[in-house]
Amino acid sequence: MEAVQVSRFGDPRVLALADIPEPVPGPGQVAVDVSHAAVGLVDVFIRQGLYKDRDGLPQPPYVPGLEVAGTVRALGEGVTGLAVGERVVTLAADGTGGYAPVYVADRTRVFSTEGHAIDPALAVAVLPNALMAHVALTRAARLAPGESVLVHGALGAFGAVFPGIARQLGASRIVGTVRAGRLAAAAATRLPYDAVVDSALLPEALAGEKFDVVVDPVGGAVRARSLDLLAPSGRLLLVGNASGDWSGTAGLDGNALWYGNLTVTGFNAGAYLPAHPDAVPPAAAAALTAAAAGVLDVELDTFPLAEAAAAHERLENHTASGRIVLTV
């Protein structure tokens, strides 16, 4: 079959179509006929070689892609609860295999979308991230009904799913932050924010408002400012680094944590979910409910599979208007 392959670590030009063997499901696995594959920053970071020394992550040549939507093609030995032809979304364990016509996943990472009127492009764009957001908010941040939430990178691929899940969990007020160039898009968004402000104008843009939970998928300067935005006993939830600033948590004041009874906690789904499989079923159900309710509706930028390099370039240049999805 013809799939997109990373020939070596580097810029988007290392992505190219290649003929590879069609995968076959083994015991406990599911083969999926792929209709859509999401393009995320993790795909970009792996391709750039930022994670090349981490155990369990791919080395070239490999097929990128960790989120796909499609229909069940074949079931491996021992797989139950799914039928050939059933619509599904999957989430890869190692960030590979999705940019292809056929994808094989462990049964535990395949979720049916049958019975839910969700477009497959939207499904792959939001359901895996919404599942992760639910686990992050309930397990790591311990969000309680009536609490307030601030989301940095409010329209980003990961940030965009947090307001819908937070609303579902009973959050009383949800505010987002974006770059100045994204304020017009924020004003038009269907996502359930109460307000969205310019991240460069923090904390003044919030007029003294504090939050019980601050969600940070961005890092960099907004992370350094975030402790000042927390209410007493507030939690700063670190879920990504879209800024590309790998300098660490410089600027987080240990004394401020102490005096304010504040918590800084990280959530890395790749490490957390395999260790806590019991968190997945309720999170998947919550994600499906939120998507069906329309609170996860994000803008989509679609590219054909053969244009994966252009899709990566768009993501790297921060010129995408929404979540990027490849059509297969």
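Note that the structure is predicted; figures quoted are calculated from it, not measured. (Residues numbered from 1 in each chain as written. Predicted model: local features only at pLDDT ≥ 70, side-chain atom pairs only at ≥ 80, totals over all residues. Heavy atoms only, no water.)

Visitor: Which residues make up the layout of surface pockets, and what are the values?
Guide: Where empty space is left in the structure can be found by rolling a water-sized probe over the atoms. Each pocket or cavity is described by its volume, and for the second largest pocket that value is around 230 Å³. Taken together, Leu91, Thr108, Arg109, Phe111, Leu131, Leu273, Pro274, Pro277, Val280 and Pro281 make up the full set of residues lining the second largest pocket. Only helix H7 (269-275) and helix H8 (280-292) provide two or more residues apiece to the lining of the second largest pocket. (1 Å grid on protein atoms, 1.4 Å probe; cavity = no way out; pocket = protein on both sides within 12 Å on 5 of 7 lines; lining within 4 Å. Points joined across faces, edges and corners; volume = space filled by probe spheres on them. Helix = DSSP H or I, 4+ residues; strand = E, 2+ residues; numbered from the N terminus.)

Visitor: So, the packing of helix H1 (residues 41-48) against helix H9 (residues 308-316): which residues are in play, and what are the values?
Guide: It is at 10 Å that the axes of H1 and H9 come closest, and there the two elements cross at 100 degrees. In terms of orientation, H1 lies roughly perpendicular with respect to H9. On H9, the residues touching Leu41, Asp43, Val44, Arg47 and Gln48 of H1 are His312, Leu315 and Glu316. (Axes fitted to C-alpha atoms, helices over the stretch in contact; angles between N-to-C directions. Parallel < 35°, antiparallel > 145°, perpendicular 65-115°, else oblique. Contact = heavy atoms within 4.5 Å.)

Visitor: Outline empty space enclosed by the protein, supporting the account with residue identities and numerical values.
Guide: Applying the stated criterion across every chain yields a total of one cavity of 30 Å³ or more. Quantified by volume, the largest cavity comes out at close to 70 Å³. Forming the boundary of the largest cavity are Val89, Phe111, Leu127, Pro128, Leu131, Ala284, Ala287 and Leu288. Where the lining of the largest cavity is concerned, the elements lending two or more residues are helix H2 (120-140) and H8. Here the lining of the largest cavity is built from residues that sort into eight nonpolar, no polar and no charged. (Nonpolar A, V, L, I, M, F, W, Y, C, P; charged D, E, K, R; others polar.)

Visitor: Requested: an account of H1, with residues and values cited.
Guide: Three or four residues apart is the spacing at which side chains of an α-helix point the same way, because the helix has 3.6 residues per turn. Buried within H1 we find Asp43, Val44, Phe45, Ile46 and Arg47. Elements that come into contact with the buried residues of H1 comprise strand E1 (2-6), strand E2 (15-19), strand E3 (29-39) and H9. Just beyond H1, the residue with positive phi is Gly49, at close to 90 degrees. (Buried < 20%, exposed > 50% of the residue type's maximum accessible area, 1.4 Å probe, protein only.)

Visitor: Help me get a handle on the pairing of strand E14 (residues 300-304), residues and values and all.
Guide: The side-chain alternation of E14 yields one buried face, formed by Asp301 and Phe303, and one unburied face, formed by Leu300, Thr302 and Pro304. Both E14 and strand E15 (residues 323-327) contribute to a ladder of five bridges, which runs parallel. Residue pairing for E15: Thr302 is matched across the bridge by Val325. After leaving E14, the chain enters H9 and then returns to the sheet as E15, a path that is right-handed. (Pairing = 2+ DSSP bridges. Right-handed = clockwise from strand over helix to strand, strands pointing away.)

Visitor: Lay out H9 in plain terms, naming residues and giving numbers.
Guide: All of the buried residues along H9 are Ala308, Ala311, His312 and Leu315. One side of H9 holds all its buried residues, which, seen down the axis, span an arc of 100 degrees. Packed against the buried residues of H9 are E1, E2, E3, H1, E14 and E15. Backbone geometry just downstream of H9 places His318 in the positive-phi region, at approximately 60 degrees. (Arc of directions from axis to C-beta.)

Visitor: Any details on the environment of Val151? Residues and values, ideally.
Guide: Within the secondary structure, Val151 sits in strand E8 (residues 148-151). For Val151, a relative accessible area of 0% gives the class buried. A C-alpha to C-alpha distance of 15 Å links Val151 and Gln168, two positions 17 residues apart in sequence. Ignoring anything within four residues of it in the chain, the contact list for Val151 reads Gly159, Phe162, Val175, Gly176, Thr177, Tyr193 and Val215.

Visitor: Go over the environment of Ala18, please, and point to the residues and values.
Guide: Structurally, the position occupied by Ala18 is in strand E2. Excluding residues within four positions of it along the chain, Ala18 makes contact with Met1, Glu2, Ala3 and Gln5.

Visitor: Provide a residue-level description of the pattern of salt bridges, including the pertinent values.
Guide: Taken as a whole and judged by the stated rule, the model has 13 salt bridges. Two residues, Arg73 and Asp33, come together in a salt bridge whose shortest N-O distance is 2.6 Å. Residue Arg73 is located in strand E4 (residues 67-75), and its partner Asp33 is located in strand E3; the two are separated by 40 residues in the primary sequence. Of the charged contacts, one joins Arg47 and Glu316 as a salt bridge, the two residues approaching to 2.3 Å between their closest N and O atoms. Of this pair, Arg47 sits in helix H1 while Glu316 sits in helix H9; the two residues are 269 residues apart in sequence, bridging distant segments of the chain. (Salt bridge = Lys/Arg side-chain N within 4 Å of Asp/Glu carboxyl O.)

Visitor: I'd like a rundown of the packing of H2 against H8, residues and numbers included.
Guide: It is the contact of H2 with H8, at a shortest axis distance of 8 Å, that shows an interaxial angle of 125 degrees. In terms of orientation, H2 lies oblique with respect to H8. Taken as a pair, H2 and H8 cross one another with a handedness that is right-handed. Here Leu127, Ala130, Leu131, His134 and Val135 of H2 lie close against H8, whose contacting residues are Val280, Pro282, Ala283, Ala284, Ala286, Ala287, Leu288 and Ala291. Taken together, the residues of the contact of H2 with H8 break down into twelve nonpolar, one polar and no charged. (Left-handed = near helix turned anticlockwise from the far one by under 90°.)

Visitor: Lay out the sheet that holds strand E9 (residues 173-178) with the relevant residues and their values.
Guide: Ordered in space as E10-E9-E8-E11-E12-E13, the six strands form an open sheet in which the pairing is parallel. The open sheet has two edge strands, strand E10 (195-198) and strand E13 (263-266), and neither has a second partner. Going across the sheet, the axis of each strand differs from the next one's by a mean of 20 degrees, ignoring polarity. Here strand E12 (residues 230-238) pairs with E13 via four bridges, running parallel.

Shape descriptors only; they carry no functional weight alone.
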